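Understanding the architecture of this molecule
So you can see what is in the structure, the chains are spelled out below.
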Amino acid sequence: MEPSFPGEPLGLIAGGGRLPRIVAEAARAGGFTPIVVRIADAIDDNWDGFDGGYYPWGNVGNAVRFMKASGVSRVVACGTVSRRPDFRSILPSFRTLVMLPTAFRIVRGGDDRLLRNVAAFLKAQGLEPVAVQDVAPRLLAPCGPIGGRKTDAAERAALALGLRAAEALGTLDVGQAVVASQERVIALEAAEGTREMLQRVAELKTRGRIGRGERLVLVKAVKPQQDERFDLPSIGASTIREAESAGIGAIGVTAEKSLIIDYEALVQAADEARIAVVGLAAGDAGKGWAAPHHQGATGEGPS
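This write-up is about the structure you can find in this document.

Criteria and thresholds
Throughout, residues of each chain are indexed from 1 in the direction in which the sequence is written. Per-residue local features of the predicted model are confined to residues with pLDDT of at least 70, and side-chain atom pairs are confined, for both listing and counting, to 80 or more; whole-chain, interface and lining totals are unaffected and use all residues. To obtain the side-chain values, all non-hydrogen atoms of the structure were used and water was disregarded. Numbering of helices and strands runs from the N terminus; a helix is a DSSP stretch of H or I covering at least four residues, while a strand is a stretch of E covering at least two. Here the term buried applies to any residue with accessible area under 20% of the maximum for its type, exposed to any over 50%, and partly exposed to those in between, with areas from a 1.4 Å probe on protein chains only. The contact criterion used is simple: two residues touch if any of their non-hydrogen atoms lie within 4.5 Å. Aromatic contacts are taken between Phe, Tyr and Trp rings whose centres are within 6.5 Å, Trp giving its six-membered ring; a plane angle under 30 degrees counts as stacked, one over 60 as edge-to-face, and the others as tilted. Note on pairing: two strands pair once DSSP finds at least 2 bridges between them. Comment: axis = line fitted to C-alpha atoms, over the contacting stretch for helices; angle = value between 0 and 180 degrees taken between N-to-C directions.

**What to know about the overall build of the chain**
Within the chain, the secondary structure is distributed over 10 helices and 13 strands. When each of the 303 residues of the chain is scored for burial, the buried share is 51%. Look at the contacts in the chain between residues 6 or more apart in sequence, and 75% of them connect residues 24 or more apart.

**Points about the packing of aromatic side chains**
Evaluation of the coordinates by the stated rule reveals 2 aromatic pairs. Ring geometry for Trp-47 against Phe-50: centres 5.3 Å apart, planes inclined by 75°, an arrangement best described as edge-to-face. For Trp-47, a relative accessible area of 9% gives the class buried. Residue Phe-50 is classed as buried on the basis of its relative accessible area of 12%.

**Side note on the sheet that holds strand S13 (residues 276-280)**
One open sheet accounts for 6 strands, arranged S6-S13-S11-S9-S7-S8; its pairing is mixed. Strands with a single pairing partner mark the edges of an open sheet, and in this sheet they are strand S6 (144-147) and strand S8 (185-188). For this sheet, the mean angle separating the axes of adjacent strands, direction not counted, is 25°. Where strand S9 (residues 216-220) lies against strand S11 (residues 248-254), 5 bridges are found, and the strand directions are parallel. Along S11, the bridge assignment pairs Lys-220 with Val-253. The strands that helix H9 (residues 237-245) touches are S9, S11 and S13; relative to S11, the one it contacts most, it runs at about 140°.

**Some remarks on the environment of Ala-160**
Turning to its location among the elements, Ala-160 is positioned in helix H7 (residues 153-171). Ala-160 gets classed as buried once you look at its relative accessible area, which sits at 17%.

**Things to note about the sheet that holds strand S3 (residues 51-54)**
Judged by pairing direction, the sheet is parallel, and its 5 strands sit side by side in the order S3-S2-S1-S4-S5 without closing on themselves. In this open sheet, the two strands that pair with only one neighbour each are S3 and strand S5 (128-130). Put simply, the sheet's adjacent strands are angled 25° from each other on average, direction ignored. Where strand S2 (residues 33-38) meets S3, 4 bridges bridge the pair, whose relative direction is parallel. Bridging across to S3, Ile-35 finds its partner in Asp-51. Contacts between helix H2 (residues 60-69) and the sheet are confined to strand S1 (9-14), S2, S3 and strand S4 (74-78), with S2 contributing the most and set at about 170° to the helix.

**Focus: helix H1 (residues 19-29)**
Those residues of H1 that sit buried are Leu-19, Pro-20, Arg-21, Ile-22, Val-23, Ala-24 and Ala-27. The inward-facing, buried residues of H1 abut S1, S2, S4, helix H6 (132-135) and strand S12 (259-260). A positive phi of about 100° marks Gly-31, the residue just after H1.

**Description of the pairing of S13**
Of all 5 residues in S13, 5 are buried, a share of seventy percent or more. Neither face of S13 is exposed, since Ala-276, Val-278 and Leu-280 on one face and Val-277 and Gly-279 on the opposite face are all buried. By the bridge criterion, 3 bridges tie S6 to S13 in an arrangement that is antiparallel. Considered in S13, the bridge of Gly-144 is made with Gly-279.

Written out as structure tokens, the structure is:
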């Protein structure tokens, strides 16, 4: 995606974590001027050098006004939002108050419905939602080996089962992640998120609920009906560390529809933990791969 004119303002609705900063830097390198609206988990993040500010949920109307006054016509949203807004428990600004009926409708239902509602809301405000991968396409996971060691036969069988389960889970708009072994599905992600699901798996392993011979894998898959402008599955070095603590031997993500955050750091972490990381296409989870695919010094993944 290119700017319509040099320095075109691009709105960035930034939650917590590394991803928003990576996207902002990619946007700036691509000729945009990022206008950063920080929300939720980004309250304490340092965004020196970028125009914008932090907006609590009660001031989302002010955030929309700020972006429009800054000349923003396109906006990308990414980052961690660990809690949904509860507009009934906040004192909204006047500009948010007039939006409350719409806000109440937005936060109902599962994540996919919420994100579709957000997209419709932004469009109604004259802001066109764009995808992270439109701004930073090199974040997309390639198909095949990404890092770590080669998968074994038991892990490939587990990846196949995990991918089928994750796609079924996504159809119900429940979650994106599944832990499976070659024999069964171990855990499904729901509202708690991937990190807490992996903590549950670690506890199950400690309690002896998982057999010693079961080769555990984590699969994160895009939902079949997902609006790909929002909340694509993502993994980073922290995912590797959390998976290692849960006894995971391999991680699979939907190829070309998942995000790799800090590619070089993820590969290094996967190598150190001896965890296989692969990009999965539909129908490919049972196939073997020759060797891990390491990138050069850019740290941005494949071209």
